[in-house]
Amino acid sequence: QVQLVESGGGLVQAGDSLRLSCAASGRTFSNYAMGWFRQVPGKEREFVAAISRWGTNTYYADSVKGRFTMSRDNAKMTVYLQMNSLKPEDTAVYYCAADGKLRGFYWDRSEYDYWGQGTQVTVSS
């Protein structure tokens, strides 16, 4: 089992920055690739970013590429999502997730085994 707890969400204005954190506990953190997804009411949960086990590779949705940066600190068992130049359309509940299957389908939420409870990000115009 892996427990994930997100933090760092809040209410900001367009153009501002936020950094989300996701702290893990349980099994060996470096055994998992990690992802961030987001969801707004009435829509499916969508892929935002992912990072490989050792942080060598990162992947981003086109909508956030160049604005968001995902990183991880395996010693602290934490992943981060630095979000810059936020837009109102970034408003969502953000979830982190752990992928133990490691098949490389990082954009597919069904590949993830564990999920956090989510943190709300609201960007006002």
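For the structure itself, look to the data block above.
Parameters at a glance
Residues numbered from 1 in each chain as written. Predicted model: local features only at pLDDT ≥ 70, side-chain atom pairs only at ≥ 80, totals over all residues. Heavy atoms only, no water. Pairing = 2+ DSSP bridges. Helix = DSSP H or I, 4+ residues; strand = E, 2+ residues; numbered from the N terminus. Axes fitted to C-alpha atoms, helices over the stretch in contact; angles between N-to-C directions. Disulfide = S-S within 2.5 Å. Buried < 20%, exposed > 50% of the residue type's maximum accessible area, 1.4 Å probe, protein only.

Considering the sheet that holds strand 1 (residues 2-7)
Strand order in the open sheet made by the four strands is 1-3-8-7, with antiparallel pairing throughout. Two strands in the sheet have a free side with no partner beyond their single neighbour: strand 1 and strand 7 (68-73). Strand-to-strand twist of the sheet, defined as the mean angle between neighbouring strand axes without regard to direction, takes the value 15°. Bridging between strand 1 and strand 3 (residues 18-26) involves six bridges; their strand directions are antiparallel. Counted as the bridge partner of Ser 7 is Ser 21 from strand 3.

A word on the state of the cysteines
In the structure shown here, the tally under the stated rule is one disulfide. Between the sulfur atoms of Cys 22 and its disulfide partner Cys 96 the distance amounts to 1.9 Å. Since a negative S-S torsion denotes a left-handed disulfide, the Cys 22-Cys 96 link at about 45° is right-handed. Of this pair, Cys 22 sits in strand 3 while Cys 96 sits in strand 9 (residues 92-99), and the two are 74 residues apart along the sequence. With respect to burial, Cys 22 and Cys 96 carry one shared label: buried.

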